[in-house]
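Chain residues, written in single-letter form:
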Amino acid sequence: MASRIEISKRLLLINSASSIGAQVLQMTVLLWVQYRILDRRSAEEFGLSPLVWAVIHFIPLFTDILTAGLQRYVIEAYARGDENRVRQIVSSMFPVLLAGGLALLFGGGLAAWHVDKVLVIPEGLIWDARLMMFLPLLVLAAQLPCSPLGQGLYVRQRYVTLNIISLCSDVVKTALLLTLILGVSTRVIWMAVATVVGQMISLVVSTILSLRAMPELKYRYAPIDWNMVRAITGFGGWNFLISLASRLREYSVPLILNRLGPGASVELTTFHVGSIARRLTDQCFGVMARPTYPIINGMYAMGAMDRFRSAYLRGGRIGLWITLLTAIPASIYAEPVIGLYTKGKYPDAATVMMFTLACYVLSHGSWLVGTVAAAKAQVRPLGIRLSVAQAAGVVLTIILASRLGFGAVGAAIATLAANAFSAVFFTLPLGLRLAEVKFGSWIRKTLLPGVAPACVTAVVWVSLSLLVKPDTWFEVVACAAAGVPCYFAFLLAFCTEPTDRADLRKILDRVKGRLARTPSSPETASVAPMQNP
């Protein structure tokens with residue numbers, strides 16, 4: 001039986017490239033806004049944003065129980081051509097999710113009103129904190145019932161369309177944010193207002209286009225199939241543990257630092273600024289890797305196990321190439337970057353940056369473990385392992401940051417220790433077992449070729465750092481860029497597989513073909529202007 005899920009390297013490349021383009025705009029705006037606010041607002045007000053968002057990001061833990069299995073089961077049914085099952089999923093889950101959205105809106109509004117009972121809010125910023133908490137909850141409540149209706153663009157792999165929607169909503173968000181910051185006042189709350197407006201626009205447009213791309217997702221009244229609901233929420237229940245582990249890693253630190261007493265705002269801001277590089281790298285890599293999910297799922301659904309195993313090994317290798325190209329120079333030039341970005345206000349953020357980026361060497365060779373586990377509907381063992389590791393990380397953060405008084409740097413050390421332990425002893429063995437790959441093959445085809453370019457180029461970056469001692473943005477960018485040709489030269493010469501080189505040749509041939517079809521002769525050039533009066 002032929003799969004209705006298109007498994008295409010070209011489609012994956014197009015989708016990933018468009019995702020990167022949309023993410024670059026978001027990163028640029030975020031960095032500029034935070035740079036402007038850091039210079040004009042106190043640490044107490046700036047620290048309010050990561051603190052409130054830390055609480056907000058724990059809310060989807062409970063909604064994930066209801067929604068995490070949707071994409072997996074819809075993709076499986078669609079790949080097998082079972083349209084009735086797709087309709088059954090939507091008709092069963094939509095009423096449940098609508099009720100969940102209403103409950104979240106009411107409960108979230110109550111929690112936002114009493115936010116000062118949960119968090120230590122600086123005096124005079126309580127109303128800002130209430131609004132910053134309620135507005136994102138409003139979006140989450142709307143997203144919940146729209147989840148089954150909005151799967152069409154993902155299942156049909158219309159990631160270019162999704163990224164165009166994201167890009168347009170970001171343009172609106174950016175325009176609104178600039179208007180508020182430049183025309184009204186430089187306040188942290190405007191980031192929340194602009195973000196919510198952009199997300200609501202994106203939600204409405206993407207849901208409409210999803211239903212056009214996949215009409216089977218339209219809600220039709222039918223009795224709820226509770227067996228279907230139990231299957232999806234059962235998958236989501238174990239996925240809850242994976243989400244819990246991810247959020248413990250990302251958002252428990254601000255909550256812990258918030259309780260340090262005097263100086264807590266400075267430590268919170270230090271950690272937030274120092275971990276920006278790691279967060280942006282994760283976000284950029286995440287949107288680029290998102291198109292792999294339906295492809296990996298489709299491979300497994302159709303029994304293409306050789307391609308399934310090959311994708312796991314190759315994906316880990318490419319993941320290391322991409323993340324280390326950012327992480328290694330960012331770590332080496334952390335001190336001048338942080339000094340320039342904060343104008344010397346938060347020097348410890350450079351140490352935080354180095355520690356938070358260090359785990360990429362160990363973790364990203366197995367980054368596909370979550371996708372593989374989801375494809376095989378075996379998220380339970382992954383969820384348990386990740387939750388245990390990150391719970392231990394929270395305990396270690398409390399000890400180092402609070403009890404021993406290391407603050408933001410202690411939290412960064414604890415984060416590195418938890419992630420490194422989880423990567424080596426939990427996700428690596430589990431990923432190899434689920435992907436049915438031997439450890440020796442992973443070492444030869446993923447780890448060694450994945451880290452070798454970074455190890456070699458690190459010598460160049462360190463040498464330039466010692467020789468130039470960069471202290472301006474131009475010098476930092478120039479030194480980092482100088483190592484990039486060495487990185488790619490070594491990668492292409494010694495670290496690529498025959499399939500990598502073949503795919504690269506295809507891309508280059510396609511680019512050359514497009515350029516060759518572009519009119520360039522003198523005759524064509526002289527006639528072209530006459531076509532437009």
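Everything here concerns the structure above.
Because the structure is predicted, anything quoted here is derived from the model rather than measured.

Draft legend 1. Representation of the overall build of the protein chain in the model. Broken down by element type, the protein chain carries 24 helices and 0 strands. Expressed as a percentage of the 533 residues in the protein chain, the buried residues total 52%. If you take every contact in the protein chain between residues at least 6 apart in sequence, the share linking residues at least 24 apart comes to 85%. Accessible surface, the protein chain as shown: approximately 24200 Å² in total, 67% of it carbon and sulfur.

Draft legend 2. Focus on the environment of A213. Mapped onto the fold, A213 is located in helix 9 (residues 189–213). By relative accessible area, which is 12% here, A213 ends up buried. In this structure the C-alpha to C-alpha distance between A213 and R156, which are 57 residues apart in sequence, comes to 7.4 Å. When sequence neighbours within four positions are dropped, the list of residues in contact with A213 reads L153, R156 and R158.

Draft legend 3. The arrangement of the pattern of salt bridges in detail. All told, the structure shown has 4 salt bridges when counted by the stated rule. D306 is the partner of R309 in a salt bridge, and the nearest nitrogen-oxygen pair spans 2.6 Å. Placement of the pair is R309 and D306 together in helix 14 (residues 305–332), with a separation of 3 residues, close to one helical turn. Ionic pairing is found between E436 and R309, a salt bridge with its closest N-O pair at 3.1 Å. Pair noted here: E436 is in the loop between helix 20 (407–435) and helix 21 (439–468) and R309 is in helix 14, with a separation of 127 residues, a long-range link. If you follow the salt bridges from partner to partner, you end up with D306, R309, K376 and E436 in one network.

Draft legend 4. Focus on the side chain of T207. Structurally, T207 is set in helix 9. Apart from the residues within four sequence positions on either side, T207 is in contact with C146 and L149.

Draft legend 5. Main features of the packing of helix 13 (residues 292–301) against helix 14. Viewed as axis vectors pointing N to C, helix 13 and helix 14 meet at an angle of 150°, and their least axial separation amounts to 8 Å. By the angle between their directions, the pair helix 13 and helix 14 is classed as roughly antiparallel. Once helix 13 is placed against helix 14, the crossing between them reads as left-handed. Where helix 13 abuts helix 14, its residues I296, M299 and Y300 lie against M305, R307, F308 and A311. Partitioning the contact of helix 13 with helix 14 into residue classes produces 6 nonpolar, no polar and 1 charged.

Draft legend 6. Geometry of the nonpolar core. Ranked by size, the top nonpolar core spans 50 residues in total, and within it I89 and Y312 carry the most contacts. Looking at this core, the elements with two or more residues in it are helix 3 (60–79), helix 4 (83–113), helix 10 (226–257), helix 13, helix 14, helix 18 (369–375), helix 19 (379–403) and helix 20. With 30 residues, the next largest nonpolar core counts I276, L280, Y346 and W461 among its residues.

Draft legend 7. Summary view of helix 15 (residues 334–342). Among all positions in helix 15, only A334, P336, V337, I338, Y341 and T342 are buried. Of the residues one or two after helix 15, K343 is the one with positive phi, at around 55°.

Draft legend 8. Expanded view of unusual backbone geometry. Notably, K343 is not glycine yet its phi reads approximately 55°, a positive angle. One non-glycine residue, K469, adopts positive backbone phi at about 50°. Summarising the element assignment, K469 is placed in the loop between helix 21 and helix 22 (473–495). K469 sits in the exposed class, given a relative accessible area of 59%.

Draft legend 9. Quick peek at the packing of aromatic side chains. Evaluation of the coordinates by the stated rule reveals 8 aromatic pairs. Ring centres 4.9 Å apart and planes at 40° place the aromatic pair F421 and F425 in the tilted group. Placement of both F421 and F425 in helix 20 is noted, with a separation of 4 residues, approximately one turn of the helix. Their ring planes at 45° and their centres at 4.9 Å tell us that F490 and F494 sit as a pair that is tilted. You can see F490 and its partner F494 sitting in helix 22, 4 residues apart, about one turn around the helix.

Draft legend 10. Spotlight on the packing of helix 14 against helix 21. Between helix 14 and helix 21, the least distance of the axes is 9 Å, while the angle of their chain directions is 15°. In terms of axis orientation, helix 14 runs roughly parallel to helix 21. Where helix 14 crosses over helix 21, the handedness of that crossing is right-handed. Taken together, the residues of the contact of helix 14 with helix 21 sort by class into 18 nonpolar, 5 polar and 2 charged.

Rules used throughout
- Residues numbered from 1 in each chain as written.
- Predicted model: local features only at pLDDT ≥ 70, side-chain atom pairs only at ≥ 80, totals over all residues.
- Heavy atoms only, no water.
- Helix = DSSP H or I, 4+ residues; strand = E, 2+ residues; numbered from the N terminus.
- Buried < 20%, exposed > 50% of the residue type's maximum accessible area, 1.4 Å probe, protein only.
- Contact = heavy atoms within 4.5 Å.
- Areas by Shrake-Rupley, 256 points an atom, 1.4 Å probe, with all protein chains shown as cover.
- Salt bridge = Lys/Arg side-chain N within 4 Å of Asp/Glu carboxyl O.
- Axes fitted to C-alpha atoms, helices over the stretch in contact; angles between N-to-C directions.
- Parallel < 35°, antiparallel > 145°, perpendicular 65-115°, else oblique.
- Left-handed = near helix turned anticlockwise from the far one by under 90°.
- Nonpolar A, V, L, I, M, F, W, Y, C, P; charged D, E, K, R; others polar.
- Core = buried A, V, L, I, M, F, W, Y, C linked by side-chain atoms within 4.5 Å.
- Phe/Tyr/Trp six-rings, centres within 6.5 Å; stacked < 30°, edge-to-face > 60°.

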